[in-house]
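# Examination of the molecular architecture
Each chain, letter by letter, is given below.
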Amino acid sequence: MVPNSADAVEFQPNTSTLVDQGMELQLRRFDAELAAGTRRIGWKIGITTGASRKPHGLTAPVIGRLDGARAFASGDAVPLAGAAKVRAEGEMALRVDQALGGDATLDQARAAICGVGPAIELINLNMDKDNIATILSHSIFHEAVIFGPELPPSVLASGESLWPVGRRNSKCVRTPEPAMIPTDLPALILLVARTLSRYGQRLEPGDRIISGSFIVPLIVEPGDIIEVDFGFLGKVIANTRLS
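So, here's what we can say about the structure. Here the structure is a predicted model, which means the values were calculated and not measured.

### What about the overall build of the chain?
- Helix and strand content of the chain: five helices and 13 strands.
- For the chain, the C-alpha radius of gyration of 17 Å lies close to 18 Å, the compact-globule estimate for 243 residues.
- Principal-axis analysis of the C-alpha atoms gives the chain an extent of 45 × 40 × 35 Å.
- Looking at the chain as a whole, 50% of its 243 residues qualify as buried.
- Here the contacts in the chain between residues at least 6 apart in sequence split such that 76% fall between residues at least 24 apart.

Next up, the structure:
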């Protein structure tokens, strides 16, 4: 199970100049996508471990927008460019049914969760990585997201461990990494709300937040079938193909 405790440092958004530059570029792109009719999907948590944050001078994870044009249901065909250097991450998706701003509390974030389920994020490591501003501008290597079936949030109180396994073409290639599993999922929602507030935005009803990977990312080639199995929570499948 995921305990309801967290380090308060995780609740506070990063405040560096480069982070601000990257977020402003990212959100400008997000606003343009919405204006053009792209579906609003939600947000991702990235750079989740202390070791990965240290080179960038980050004090907390960062967030990125999910591309509504690249969001799929489990089992859908997911087109990939042959030149992309793709990795798959096994994540938890949380959906909220309330708007949350920068003044939200942890209890309000917890109460806003109306659905949970497994997800796969595909990232493209060929995207530019000059500095954290560049990384944030493209939503931390975001390539696509695949959502599995959604369950009520009460399943998180079942006492079962949220330790998934990852399979590539039916072969188990990733086992749980306890150090990568968040200690408090609602704290991630609070972090997203506070980060968005810093840039004049907020979490909206219906937004989904993917948690950051619970497993070491899997190598993906077009044509691979990637499966992340959370056991009692269900599984999600990315059926990739060459675009």
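### Examining the sheet that holds strand S12 (residues 225-229)
- An order of S4-S13-S12-S8-S9 is seen for the five strands of this open sheet, with the pairing classed as mixed. For this open sheet the edge positions go to strand S4 (77-80) and strand S9 (171-174), each flanked by a neighbour on one side alone. On average, each strand axis in the sheet is inclined to that of its neighbour by 30°, with strand direction left out of account.
- Summarising the sheet, strand S8 (residues 165-168) and S9 pair through three bridges and their orientation is antiparallel. By the bridge assignment, Arg-168 is partnered in S9 with Lys-171.

### Some words on the packing of aromatic side chains
- Summed over all chains, the structure comprises two aromatic pairs.
- Aromatic side chains Phe-30 and Trp-43 sit 4.8 Å apart centroid to centroid with 55° between the ring planes, which places their arrangement in the tilted category. Of this pair, Phe-30 sits in helix H1 (residues 17-35) while Trp-43 sits in strand S1 (residues 42-46), placing them 13 residues apart in sequence. Trp-43 shares its class with Phe-30; the two are buried.

### Digging into helix H5 (residues 185-198)
- Between its terminal C-alpha atoms H5 stretches 21 Å, which fits the 20 Å expected from 14 residues at 1.5 Å a residue.
- Of all 14 residues making up H5, eleven are buried, and the element is well covered by its neighbours.
- Of the residues making up H5, those classed as buried are Leu-185, Pro-186, Ala-187, Leu-188, Ile-189, Leu-190, Leu-191, Val-192, Ala-193, Thr-195 and Leu-196.
- Just downstream of H5 lies Gly-200, where phi reads positive at about 75°.

### Examining the nonpolar core
- Core analysis: the biggest nonpolar cluster contains 62 residues, and Met-92, Ile-120, Leu-122, Ile-189 and Leu-203 have the highest contact counts within it.
- Leaving out residues up to four positions away in the same chain, Ile-120 has contacts with Ala-88, Glu-89, Ala-144, Val-145, Ile-146, Ile-226, Val-228, Val-236, Ile-237 and Ala-238.
- Listed in part, the eight residues of the second largest apolar core include Ala-71, Ala-119, Val-145 and Phe-147.

### Remarks on the environment of Ile-132
- By secondary structure assignment, the location of Ile-132 is in helix H4 (residues 132-137).
- Relative accessible area serves as the criterion here: at 3%, Ile-132 is assigned to the buried category.
- Sequence separation of Ile-132 and Gln-108 is 24 residues, and the distance between their C-alpha atoms is 30 Å.
- Excluding residues that lie within four positions of it along the chain, Ile-132 makes contacts with Leu-18, Val-19, Ile-47, His-56 and Leu-58.

### Topic: the pairing of strand S2 (residues 62-65)
- Neither face of S2 is left uncovered, since the one carrying Val-62 and Gly-64 and the one carrying Ile-63 and Arg-65 both have all their residues buried.
- Here S1 pairs with S2 via four bridges, running antiparallel. Across the sheet, Gly-46 pairs through a bridge with Val-62, a residue of S2.

### Digging into unusual backbone geometry
- A positive phi is found at Ile-140, a non-glycine position, where the angle reads about 60°.
- Examined against the element boundaries, Ile-140 turns out to sit in the loop between H4 and strand S7 (142-147).
- Within the chain, Phe-141 stands out as a residue other than glycine whose phi angle is a positive 70°.
- Residue placement: Phe-141 occurs in the loop between H4 and S7.

The rules behind the values
Residues numbered from 1 in each chain as written. Predicted model: local features only at pLDDT ≥ 70, side-chain atom pairs only at ≥ 80, totals over all residues. Heavy atoms only, no water. Helix = DSSP H or I, 4+ residues; strand = E, 2+ residues; numbered from the N terminus. Rg over C-alpha atoms; globule rule 2.2 N^0.38 Å. Buried < 20%, exposed > 50% of the residue type's maximum accessible area, 1.4 Å probe, protein only. Contact = heavy atoms within 4.5 Å. Pairing = 2+ DSSP bridges. Axes fitted to C-alpha atoms, helices over the stretch in contact; angles between N-to-C directions. Phe/Tyr/Trp six-rings, centres within 6.5 Å; stacked < 30°, edge-to-face > 60°. Expected span 1.5 Å × (residues − 1). Core = buried A, V, L, I, M, F, W, Y, C linked by side-chain atoms within 4.5 Å.

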